[in-house]
Amino acid sequence: MTTAHWQELYDSLVVKNHIGDPHPLPTDEDCDRFEQESGLRLPSSYRAFIKVFGPGVFGCSLEITAPMSCNERWDLAEANRGYQMSPTEWGRVVPAKADLGSRLFFFGCEEEQDPLAWDPQDVRDAEGSEYAIYRLTLDDLEFVAASFRELVDAKCEQMFAPDPKWDEAELGPQRLFWKGSA
């Protein structure tokens, strides 16, 4: 997805600032520096997304971090470090998938509890560096999407589907992006 497509999606949402001033948008230089330091080539759909949205919470439940954040909560490298485990720990958490767990790169979470990660060895689109995405639950690693765009598309289906149970007066806007704070 191009930056223009992400901008169109961004413009269709209610955008609110998380507590404090909004985080500055990552630049190409920030992304390039992150790739050099981490050794991970960022998926092109993610890279285009964060240049428009920045870090924050998409659709009230999909938290997305960004490279070179000035706030640890929203920093991609910090998110990854926070969820990393040794191969032995992975063996205790998800014994059948310990090899998978030990190679994941974490970039966000769902519902404030389930970390999301790319598998850089499971490349689904080599040109765009799109990797399979997994969710870590209490006792499993579940495949979620074949790309970052697919992950966001699935969230958009939820956000844009009419939900007669959604009470905006009580819950706020359904189509919402909370910008991460600086």
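Cut-offs applied
- Residues numbered from 1 in each chain as written.
- Predicted model: local features only at pLDDT ≥ 70, side-chain atom pairs only at ≥ 80, totals over all residues.
- Heavy atoms only, no water.
- Salt bridge = Lys/Arg side-chain N within 4 Å of Asp/Glu carboxyl O.
- Helix = DSSP H or I, 4+ residues; strand = E, 2+ residues; numbered from the N terminus.
- Buried < 20%, exposed > 50% of the residue type's maximum accessible area, 1.4 Å probe, protein only.
- Phe/Tyr/Trp six-rings, centres within 6.5 Å; stacked < 30°, edge-to-face > 60°.
- Pairing = 2+ DSSP bridges.
- Axes fitted to C-alpha atoms, helices over the stretch in contact; angles between N-to-C directions.
- Arc of directions from axis to C-beta.
- Contact = heavy atoms within 4.5 Å.
- Polar contact = N/O pair within 3.5 Å; in protein donor to acceptor, adjacent residues only side chain to side chain.
- Core = buried A, V, L, I, M, F, W, Y, C linked by side-chain atoms within 4.5 Å.
- Parallel < 35°, antiparallel > 145°, perpendicular 65-115°, else oblique.
- Left-handed = near helix turned anticlockwise from the far one by under 90°.
- Nonpolar A, V, L, I, M, F, W, Y, C, P; charged D, E, K, R; others polar.

S.K.: Can you lay out the pattern of salt bridges for me, pointing to particular residues and giving the numbers?
M.R.: Evaluated as defined, the whole model comprises 13 salt bridges. For glutamate 63, the salt bridge goes to arginine 73, with nearest N and O atoms at 3.0 Å. In this pair, glutamate 63 sits in strand β3 (residues 62-64) while arginine 73 sits in the loop between β3 and α4 (76-83), placing the two residues 10 residues apart along the sequence. Here arginine 135 makes a salt bridge to glutamate 110, at a shortest N to O gap of 2.5 Å. Here glutamate 110 lies in strand β4 (residues 105-110) and arginine 135 lies in strand β6 (residues 130-136), a separation of 25 residues in the sequence. Neither residue differs from the other here; arginine 135 and glutamate 110 are each classed as buried. When salt bridges that share partners are traced, they join Asp28, Asp32, Glu35, Arg47 and Lys51 into one network.

S.K.: Explain the packing of aromatic side chains to me, using residue names and the numbers behind them.
M.R.: Going through the model one piece at a time under the given rule, you end up with 19 aromatic pairs. Ring geometry for tyrosine 46 against tryptophan 118: centres 5.0 Å apart, planes inclined by 80 degrees, an arrangement best described as edge-to-face. Note that tyrosine 46 is positioned in helix α3 (residues 44-53) and tryptophan 118 in strand β5 (residues 114-125), a separation of 72 residues in sequence. Given the relative accessible area of 0%, tryptophan 118 is considered buried. Here the aromatic residues Trp6, Tyr10, Phe34, Tyr46, Phe49, Phe53, Phe58, Phe105, Phe107, Trp118, Phe148 and Phe177 are joined through ring pairs into a cluster of three or more.

S.K.: Talk me through the environment of isoleucine 19; I want residue IDs and the actual numbers.
M.R.: Within the secondary structure layout, isoleucine 19 lies in the loop between β1 (14-17) and α2 (28-38). It is 9.4 Å that separates the C-alpha atoms of isoleucine 19 and tryptophan 178, two residues lying 159 residues apart in sequence.

S.K.: Let's hear about unusual backbone geometry: which residues, and what values?
M.R.: A positive phi angle is found at serine 129, which is not glycine, with a value near 50 degrees. Within the secondary structure layout, serine 129 lies in the loop between β5 and β6.

S.K.: An account of the sheet that holds β1 is requested, with residue identities and associated values reported.
M.R.: What the 8 strands build is an open sheet, ordered β1-β8-β2-β3-β4-β5-β6-β7; its pairing is mixed. Either end of the sheet is taken by a strand with one partner, and the two such strands are β1 and β7 (141-145). On average, each strand axis in the sheet is tilted by 30 degrees relative to the strand beside it, whichever way the strands run. Pairing analysis gives 5 bridges linking β4 to β5, with the strands arranged antiparallel. Across the sheet, residue cysteine 109 finds its bridge partner in β5, namely proline 115.

S.K.: Lay out α4 in plain terms, naming residues and giving numbers.
M.R.: Listed as buried for α4 are Leu76, Ala77, Ala79 and Asn80. The arc enclosing the buried residues of α4, seen along the axis, measures out at 160 degrees, which places them on a common side. Pointing more than 90 degrees away from the buried face of α4 are the exposed residues Arg81 and Gly82. Where α4 is buried, its residues meet α2, α3, β4 and β5. N-cap assignment for α4: the residue whose side-chain oxygen lies 3.3 Å from the backbone N of alanine 77 is aspartate 75.

S.K.: Please give an account of the nonpolar core that cites residues and values.
M.R.: Of all hydrophobic cores here, the largest spans 33 residues; its most connected members are Tyr46, Phe49, Phe53, Phe58, Trp118 and Phe148. A total of 6 residues in this core trace back to one element, the largest contributor, which is α3.

S.K.: Can you break down the packing of α2 against α3 residue by residue, with the values?
M.R.: Here α2 crosses α3 at 140 degrees, and the two axes come no closer than 10 Å. The orientation of α2 relative to α3 falls into the category oblique. With respect to the hand of their crossing, α2 and α3 are arranged in right-handed fashion. Facing α2, whose interface residues are Asp28, Cys31, Asp32 and Glu35, α3 presents Arg47, Ile50 and Lys51. Class assignment of the residues belonging to the contact of α2 with α3 gives a composition of 2 nonpolar, no polar and 5 charged.

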